[in-house]
Amino acid sequence: TPWGYQTPDMDTKFNSARALSITGIVLGGAAWFTLMLASCCKLDQSKLNGLACYFFLATLFQGLSLLIFRSNVCTVGFFSVYFTEPGTAAPTTMPDWMESVSCSLSKGSKLAISATVLWFVCSSMLPAAVVPEPLWRGGEQEFPPGTAPTGGDDKPAEAGGGVEQAGEEA
């Protein structure tokens, strides 16, 4: 619109970088959240391998989010078109900071690189991880008669509680 708000014409690389960044964060965050729930829920080795795939996809998408440096937004003078008065061909007064706008590694892009490396480390470590035994399968814990957990390879407790008294024969 000649007198209203104008949106820049973003290219495919910019839009792809934005979508890939969000996708990488969602996949990595979901895998991390699932891994944190492993402390209270039972996970087996195949589930850990599946989480490693999620972390690898997060690595891939987070790294591809740096495509923004190849987009048209990083060209000098990209935003100068949006500072023109209606009906004129060139900007009347371009701000000084816009004269040499360019893309470089800043705090956000350095954090994206470090996130990419950390997602890859998680993806590499999970297949080698050993799933611990749940706490309730330990031999130290005794259950009252008839209240032992059932299912799997667990057997319910016997009537005597599984403890033989001295002097009795089986």
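Everything that follows concerns the structure shown earlier in this document.
Keep in mind that this is a model prediction, so the values were computed, not measured.

> Would you mind showing me how to read the overall build of the chain here?
Along its length, the chain carries three helices and zero strands. Ordered by position from the N terminus, the helices and strands of the chain form the series α-α-α. Out of the 170 residues belonging to the chain, those deemed buried represent 18%. In the form shown here, the chain has an accessible surface area of approximately 12,300 Å², with 63% of it arising from carbon and sulfur atoms.

> What should I look at first to understand the nonpolar core in this one?
When a protein is soluble and globular, its nonpolar side chains tend to lie buried together. Core analysis: the biggest nonpolar cluster contains 12 residues, these being Leu20, Leu27, Ala31, Leu43, Leu48, Leu51, Ala52, Phe55, Ala58, Phe61, Trp119 and Leu126. Elements with a minimum of two residues in this core: helix 1 (12-37) and helix 2 (45-64). It is helix 2 that contributes the most residues to this core, six residues altogether. In contact with Trp119, other than residues within four places in its own chain, are Gly24, Gly28, Gly29, Phe55, Ala58, Thr59 and Gln62.

> How should I be thinking about helix 2 in this particular structure?
An α-helical turn contains 3.6 residues, so a residue and the one three or four places further along point in the same direction. Along its 20 residues, helix 2 runs 29 Å from first to last C-alpha, staying within 8% of the 28 Å computed at 1.5 Å per residue. Three or more residues of helix 2 are buried, namely Leu48, Leu51, Ala52, Phe55, Ala58, Thr59, Phe61 and Gln62.

> Sorry, what's going on with the packing of helix 2 against helix 3 (residues 107-125) here?
When two helices pack together, you describe them by how their axes are tilted relative to each other and by the distance separating the axes. Relative to each other, helix 2 and helix 3 sit at 160 degrees, their axes nearing to 8 Å. Comparing their axes, helix 3 and helix 2 come out roughly antiparallel. Crossing angle aside, the handedness with which helix 2 passes helix 3 is left-handed. The segment helix 2 lies against helix 3, with Ala52, Phe55, Phe56, Ala58, Thr59, Gln62 and Gly63 engaging Ala112, Ala115, Thr116, Trp119, Phe120, Cys122 and Ser123. Grouping the amino acids of the contact of helix 2 with helix 3 by side-chain chemistry returns nine nonpolar, five polar and no charged.

> I tried to follow helix 3 on my own but got confused; where do I start?
Over its 19 residues, helix 3 runs 27 Å from end to end, which matches the ideal 27 Å to within 8%, given 1.5 Å per residue. Those residues of helix 3 lying buried are Ser109, Ala112, Thr116, Trp119 and Ser123. Taken end-on, helix 3 shows its buried residues confined to a sector of 75 degrees, consistent with a single buried face. Facing away from the buried side of helix 3 by over 90 degrees, the exposed positions are Lys107, Lys110, Leu111, Leu118 and Met125. Contacts made by the buried residues of helix 3 are with helix 1 and helix 2.

> Honestly, the environment of Ser109 in this entry has me stumped. Any pointers?
Inspection of the secondary structure assignment puts Ser109 in helix 3. Relative accessible area serves as the criterion here: at 9%, Ser109 is assigned to the buried category. For the pair formed by Ser109 and Gly63, sequence separation is 46 residues and the distance between their alpha carbons is 9.9 Å. If near-sequence neighbours (up to four positions away) are discounted, Ser109 is found in contact with Leu66, Phe69 and Ser104.

What counts and what doesn't
- Residues numbered from 1 in each chain as written.
- Predicted model: local features only at pLDDT ≥ 70, side-chain atom pairs only at ≥ 80, totals over all residues.
- Heavy atoms only, no water.
- Helix = DSSP H or I, 4+ residues; strand = E, 2+ residues; numbered from the N terminus.
- Buried < 20%, exposed > 50% of the residue type's maximum accessible area, 1.4 Å probe, protein only.
- Areas by Shrake-Rupley, 256 points an atom, 1.4 Å probe, with all protein chains shown as cover.
- Core = buried A, V, L, I, M, F, W, Y, C linked by side-chain atoms within 4.5 Å.
- Contact = heavy atoms within 4.5 Å.
- Expected span 1.5 Å × (residues − 1).
- Axes fitted to C-alpha atoms, helices over the stretch in contact; angles between N-to-C directions.
- Parallel < 35°, antiparallel > 145°, perpendicular 65-115°, else oblique.
- Left-handed = near helix turned anticlockwise from the far one by under 90°.
- Nonpolar A, V, L, I, M, F, W, Y, C, P; charged D, E, K, R; others polar.
- Arc of directions from axis to C-beta.

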